[in-house]
Each structure stands twice: as structure tokens, then as C-alpha cells.
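Single-letter residue listing:
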Amino acid sequence: MSPDTASPQYRRHGSNAGQPITRRDGVLKVTGRATYAADNHPEGMLYAVTAVSSIARGRVTALDVHAARAHPGVVEVLTPANRPPLAHDPDEKMPPFGFRVEVLQDDKVRYVNQPIAMVIAKTLEAATEGAALLSPQYEVESARTGLDNGDRYAPPAVGIGAPARTGHGDVEAGLAAAARVTEADYVTPAQYHNAMEPHAVVAQWDGDHVTLDMPNQALALSCAAYGAYFGIPAENVLIRSPFLGGGFGSKAILNGPQILAILAARMLGRPVKLALTRAQMYGPVGHRGRTWQKLRIGTDEEGRLTALHHHAVGATSSFDEFIEPAANASLPLYASPAILAEHEALRLDAGTPGPMRAPGEASGSAALEVAMDEAAEACGMDPLEFRLVNYAETEPGTGRPFSSKALRECYAEGAKRFGWSDRPLQPRSMRDDNGFLVGWGMGTAVFPCPHFPAEARATVRADGTALVETGGADMGQGAWTALAQIAAETLGLDVDQVELHSGLSSLPDGGIAGGSGHTASAGLAIHNAGEDAIARLAELATADPRSPLFGAGNVGVVARSGRLHRSDDEGRSETYAEILLRAGRPEVVGMAKAARDPDVAAAHSMYSHGAVFAEVKVDPDLGQIRATRLVGAFAAGRIINPRLVRSQYFGGMIWGVSFALQEEAVTDPRTGRIMNADLAEYHVPVNADVPSLDAILIPEHDAHVNPLGVKGVGEIGITGTVGAIANAVWHATGVRVRRFPIRLEDVLVN
Ligand code: MOS
């Protein structure tokens, strides 16, 4: 048992599912005892540093490899000239999440910060100096950097396999029949994941087996992909990812730099560590692609939608595809007889975008919720009233059952807590005691409930405790804690009696920690494995004449408080320990897989819902904008741990503040270089930027989403919030800003 993956002591305030237990990894993290990938220093380890391009498009014409090799600490220099072969063509995407990777396959430069060489040395300093000595020379071509100067085309798909064009009804007819039509363009910037922990790997080979200490959101998929690149079976790849210092989507995908480091370790027969610098993560490890969205909304005399047209142009790289599926955010939420969501792609000389913090939903919802606000304004309606008239009772287009009742409660409870009913309709009509303009805005939140196939093992031991194992990742969402709570409930144990192992690819495949689907996916596998273990215990007991449960096979048993009880006579029971002891067994092991029932999925619409209400204050003279108050009400099925869930909602809402007011990677149009590739000038919220936060957990029973009734909570908080803040800025100032992030110069008016 590795200390990294074992359950440590933690403080608890109750037990089992539904209780607000503090997180198991909390003490390790705040005391610095959590070991992250780059904390590993195996014997004989070398350090790798990537040299990266400073141009966005062109060719490397010279690298001073001689100078780098002459550095006394440098062991090897990898360039396209000597890079050993890979078993999988790096120019071929690897489904489902694999992108084309830059691993020195040629001398071409396709974006700034693309790896163009890797220097391996005895120390980090020597590797860094060696990389600097390469002094690359380039043949420079002009870079396509702007939304207006890239090459547009129709993508076959957007996001990860989502349709590029979807809809129902006749949008043009709906617009023609409308009493009013609002139409506007919205622009969202490139954003970078900027996890606190950099992308890193410590790679150690042993023959044709490799151990990778690396932060990873998708262990099993990554093992398969690394196996393919290195020509070894997936099971020869061991990924250890006990902790992630943030993932945000970027650590679910393989990237060139890590592949090169693993290759270097094999080539040199020594462990190699690579940790990217902050700046080096602005390129080869994905980002949220820029969008340019147009929304057209038609409404009738009563303010009901007659048509909703969402067109999004999404930027991708010159050589691969990930199109932010922004327009699809308009599909699931509002009832309109006609909805059309369609995408175009745009090739720029930038790294390939990837999934980041509600990919598609975040940028699409930002535009949609502002557009809805504009439509409400055009109708002279209160924005909440407008949503209440237009939210969908059943899934638009399909009519499948929807959690509309829960959404209605989110609107009502959120509005009540926020005090929305005091909102004046006219903008620029509220001031605080300091003379700041005050504005209130709102937005609807929605996020799908994906379910990834997962597997788990549950072992009930003769001492009456249990070990539960599944290979997923806890990137801060609290999976270790919530999954142990699910296990405790199924196994009829106190959560303190459940040890959970995770973050290791040799464990049963826990699926992907992404798409806000980990608790539901791994949780269901754990639940099923727990039921299997209990069934095995029941078999032992009911078949044994010495057991008080003998012969209870037909009536069944109930697992509670470490005992099996006859379900028709709960007084007849015995402990798991007694059952195992008498059977002469050290343990029983339950194994199970879990996946969503495709028939249920086809018949039901599965989303988490919410409503976010925002207050901003704007300095009328300086234009400075502060989000001062956010109230979110969310319904996401059954809540396993309200403390962790509230924290997820807060995190998502803070992402929303970040999106609305702060984050943007700024590209120099002349060179394609990112001007703020660091955390000093790429702005994310610090504590002083975070408003007063309130998250209301609306109870919801969803019997269809999965047998546990658990939905996702990780990403929904950003949806709704961005639009709510932008709408509050309008309400404060009377200025409609349609380009994110909203800046002070946008709202300076006389
Ligand atoms: Mo994510 S973008 O669901 O890790």
C-alpha cells in the first residue's frame, strides 16, 4: 500500500452518503505531505527541458546542438535529427481524446511554444542552460492570429464527437414570424487552463515496462495511448497519479512534451523528469479556443421564443481539430419551436485547443445568456420573468422528460435568496453609499450528465473493514471522500471503516475524471462492486446452518452497521467478521463494471440545472468592475457530500468571474506570440476578486440518470455565471458588452 493512495486520517462530521465530511486529502495537502508527480526523484534521475519555438509559423533552420552538448551537465539533446521512432504516427489522432502531438517529427513550427528540441541533463539548471544554448534560427512565415484572418471551414464535428449542426424547426420562419428579433455578435478569448501544478512526468523504464508519475485525469485511456506510442501493451504502462494540482481538462490528454521525456528515459536507460514551465504550457497542452458567436432570437408579443439561432465560429490549430462546441449550449435549455445550433471552424497558427472547464457550455452559455437578457430587454420584461416564460418543460426538439421542476425551483430559490424582486427594470438606476453603480443580472445554468464506463473492486475484510479500489483521479473535487461515502453506504459500514485506493492505473479502471462525471461513473462501479461483495457474504451466511441467516436466501438480507440482517426479521443478524471467520476466509472480493443503460439514456434527457444571480459594482469614473455577490441555486440529483458539492459550485462560479472579468491570453498579431504567458499578467481571480458566494443545493430525485441518482456538479457553476455577471454589468452601467473579458474601458461612458 503506497502512502500516496491510502486513506489518511481526516476530520469527519457524520458518516456515509449525504454527510458533509471534510475531504480525506485535505490534511495531506495543507501540510505539504501530498506528493505530486514532480516530487518524485528516483535514483539516477535526469532532468529534461524542452526548447520551444518563439515563432508561430515557419521552420527551424538551425539549432546549435554542438553548443548544448558541450555543456558539462548535458547528457543528450533530442532534435528531429535523432529522435528515436515511435510505434504510433504522432500525426494521427488517437481517439477518443488523443490529439496530434508535436514530438520533433519535423522542422516545422506551427505555433508559439511548440517543442523544437529537448535537452536532458544531470541537473535542471544544466538542462535549462543547454536548451538556451541551442539558439534556434528560423525561417519565419506570417502567422494567422486573428478571428478575421484565419481560414474558415465546416468542421465534421465539434468538441469530442458532438454534431457541428443540430436543430429542429424552421429558424428563418420563426424569425420572420417574430414580433421582435434581437441579433448580436459575441466574442470569447483564448484561455489557458493554468492549473497550479504544471504538466509533469517522471518516467522510469524497466525493460518494456514503464512507470509514469504524472498528473492524469484519464488513467486507462492514457495507458492505452502511451502503450501505442511506445509499442508496448497498455498493461505495461503504470501511471501513478495520486494527486493533481488542478486539471481543468488539460490533464486528460496526451501531449508531446511528456511523450518526448518518456522517450528520452527509454533512450538513456535512466529515469527522466520533465516539468513544464508556466510559459511552456501556453501551446502544446491545450487551451480553450477562441469563439465568435452570433445569436438571433425571435420573440412573440408575449415574449415567447419563436426562434433561436446560435452560430459559432471556433478557432482551432492549423494542423488539428478541437472546436469549442459553443452553439450547442443553446440546444437543451429554452423552449423554442425552432432552434439551430451550428459551427464553423477557423484555422489559426496556435496550439490545438482542447477541453477546458465546461468546454462549449461555458463560452456558449456566456453568449446565450447575454442574448437572452437582450431579448428580455427588447420585450420590456424582467430577465427572470423572461426565463420563466421560456425555459423548457421537456427537452427542446425531442420532448424527452427533463428536470424542469428542479430548474423552476432553482429560479425561485435563487431569486429569493438574492433579493431579485427588488430589482429595478431600468439599467443604471442603483448606486451604493460610495456612489458606485450597482447592477443585478442573472443566467440559467445547465450541464449534461455524462457517464463513463468504470470498474471497481470492493473487498470486505475479516476485521470488518473494507478496501475499495478504482483507478480514477481526484483533481481536487473530493473524489476520495465522496466515493468512500458511496462505498460505505452500499457496504453498510461507517465511512471510517472504508479505505479507498485510487489514482493508480493498475487498479480497476475508474473511468475519466472529467465531464463532471467521475462521482456518478466511478461511484456506480463502486456501488455495484459493494453489492457484489455483500452478495458473496450473504451466500456464505445463508448457506451455513450455524448462521442466524441460514436459509434466508429467498427473503434476502440487508447490510447495515457492519452486519447482515434478515430482511424479514432484522433481529436475526451477524457481523461480516463473524461470517468470514466461520467460513475461514480472510475476505470476500466484489468486482463490478458499470455503465449507463443506453435505453434509459435514449428515453430521458439528462442534465444538471441551476440559476445564477450576480451583483456587480462599477466605479462610474474609473470603470473598475467588481463582482460583489453571487448566488447560485443548483439541482444536480442526489448530493453525496454537501460540503464538497458546495465547494464545487463555488469553484465553478469563480471560474465564471474569471471568464467574465479576467481571463484572456493576448496574442501579438504581428508575431503570434502570447504576450501574457504567466500568472502575473494572465489574470485569474485571487481571494480579493472573489465575491460573496452562496450556493443553494436544490433537492432533486432523478431515478433515471443512474441507480444512485447522482449527477455532475464540477462544471455547471461556470455556466450561467458568466452571463449573469455580464448582464449585471449592463444593469449597472447601461452598456452592453459582448466581448469577454469585460474591461473597464468597455464601460466608461459619459
Ligand atoms: Mo473537464 S474540461 O471535464 O476535465
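Residues numbered from 1 in each chain as written. Predicted model: local features only at pLDDT ≥ 70, side-chain atom pairs only at ≥ 80, totals over all residues. Heavy atoms only, no water.

Trainee: Lay out the overall build of the chain in plain terms, naming residues and giving numbers.
Mentor: Regarding its fold elements, the chain presents 16 helices and 27 strands. Against the compact-globule benchmark of 27 Å for 750 residues, the chain has a radius of gyration of 27 Å, which places it among compact chains. Viewed in the frame of its principal axes, the chain has a C-alpha envelope of about 85 × 75 × 50 Å. Sequence-distant contacts, at least 24 apart, represent 79% of the contacts inside the chain between residues at least 6 apart. (Helix = DSSP H or I, 4+ residues; strand = E, 2+ residues; numbered from the N terminus. Rg over C-alpha atoms; globule rule 2.2 N^0.38 Å. Contact = heavy atoms within 4.5 Å.)

Trainee: Break down the sheet that holds strand β10 (residues 200-206) for me, citing the residues and quoting the values.
Mentor: Taken together, seven strands build an open sheet; the order of strands is β3-β5-β1-β13-β10-β11-β12 and the sheet is mixed. Where the open sheet ends on each side, the last strands, each with one partner, are β3 (74-78) and β12 (237-240). Sheet twist, expressed as the average angle between the axes of neighbouring strands with direction ignored, equals 20 degrees. Here β10 runs beside strand β11 (residues 209-213); their pairing, made up of five bridges, is antiparallel. (Pairing = 2+ DSSP bridges. Axes fitted to C-alpha atoms, helices over the stretch in contact; angles between N-to-C directions.)

Trainee: Break down the packing of aromatic side chains for me, with residues and values.
Mentor: Scanning the model with the defined rule gives 16 aromatic pairs in all. Both rings, one in Phe 99 and one in Phe 322, keep their centres 6.0 Å apart while their planes meet at 70 degrees; by these two values the pair is edge-to-face. In this pair, Phe 99 is assigned in the loop between β3 and β4 (108-109) and Phe 322 in the loop between β15 (305-316) and β16 (339-347), connecting sequence segments 223 residues apart. Assessed through its relative accessible area of 10%, Phe 99 is described here as buried. Between Phe 248 and Trp 655 the ring centres are 5.7 Å apart and the planes differ by 80 degrees, which places this aromatic pair in the edge-to-face class. With Phe 248 in the loop between β12 and α6 (256-268) and Trp 655 in helix α14 (residues 642-661), this residue pair connects regions lying 407 residues apart in the sequence. An aromatic cluster is defined as three or more aromatic residues linked by ring pairs; in this entry it consists of Phe 418, Trp 420, Trp 440 and Phe 613. In this arrangement the basic side chain of Arg 266 is found over the ring face of Trp 205, its NZ or CZ atom lying 5.1 Å from the centre. (Phe/Tyr/Trp six-rings, centres within 6.5 Å; stacked < 30°, edge-to-face > 60°. Buried < 20%, exposed > 50% of the residue type's maximum accessible area, 1.4 Å probe, protein only. Lys NZ or Arg CZ within 6 Å of the ring centre and 35° of its normal.)

Trainee: Please give an account of the nonpolar core that cites residues and values.
Mentor: One finds Phe 613, Tyr 649 and Ile 742 to be the most contacted residues of the largest nonpolar core, which totals 83 residues. Here this core gets ten residues from one element, more than from any other, and that element is helix α7 (residues 361-379). Dropping the residues within four chain positions of it, Ile 742 is found in contact with Ile 625, Ala 660, Leu 661, Ala 726, Val 729, Val 737 and Val 747. Counting 48 residues, the second-largest nonpolar core is a separate cluster that includes Leu 540, Ala 541, Leu 549 and Leu 708. (Core = buried A, V, L, I, M, F, W, Y, C linked by side-chain atoms within 4.5 Å.)

Trainee: I'd like a description of the confidence of the model for the chain, backed by residues and values.
Mentor: The predicted coordinates ought not to be read in detail in places where the model reports low pLDDT. With 98% of its residues at a pLDDT of 70 or more, the chain has an overall mean of 95. Counting interchain partners and residues more than four positions distant, the pLDDT-below-50 stretch residues 1-14 has 42 contacts. (pLDDT = per-residue confidence, 0-100.)

Trainee: Describe the packing of α7 against helix α8 (residues 383-390), naming the residues involved and giving the relevant values.
Mentor: The contact between α7 and α8 brings their axes to 9 Å, and the two run at 100 degrees. One way to sum up the angle between α7 and α8 is to call them roughly perpendicular. On α8, the residues that touch Glu 369, Met 372, Asp 373, Ala 375, Ala 376 and Cys 379 of α7 are Pro 383, Phe 386, Arg 387 and Asn 390. Partitioning the contact of α7 with α8 into residue classes produces six nonpolar, one polar and three charged. (Parallel < 35°, antiparallel > 145°, perpendicular 65-115°, else oblique. Nonpolar A, V, L, I, M, F, W, Y, C, P; charged D, E, K, R; others polar.)

Trainee: I'd like to hear about helix α5 (residues 219-230), residue by residue, with values.
Mentor: Along its twelve residues, α5 runs 16 Å from first to last C-alpha, staying within 8% of the 16 Å computed at 1.5 Å per residue. Buried within α5 we find Leu 219, Ser 222, Cys 223, Ala 225, Tyr 226, Gly 227, Tyr 229 and Phe 230. Buried positions along α5 lie against β10, β11, β12 and α6. At the exit of α5 stands Gly 231, carrying a positive phi of roughly 65 degrees. (Expected span 1.5 Å × (residues − 1).)

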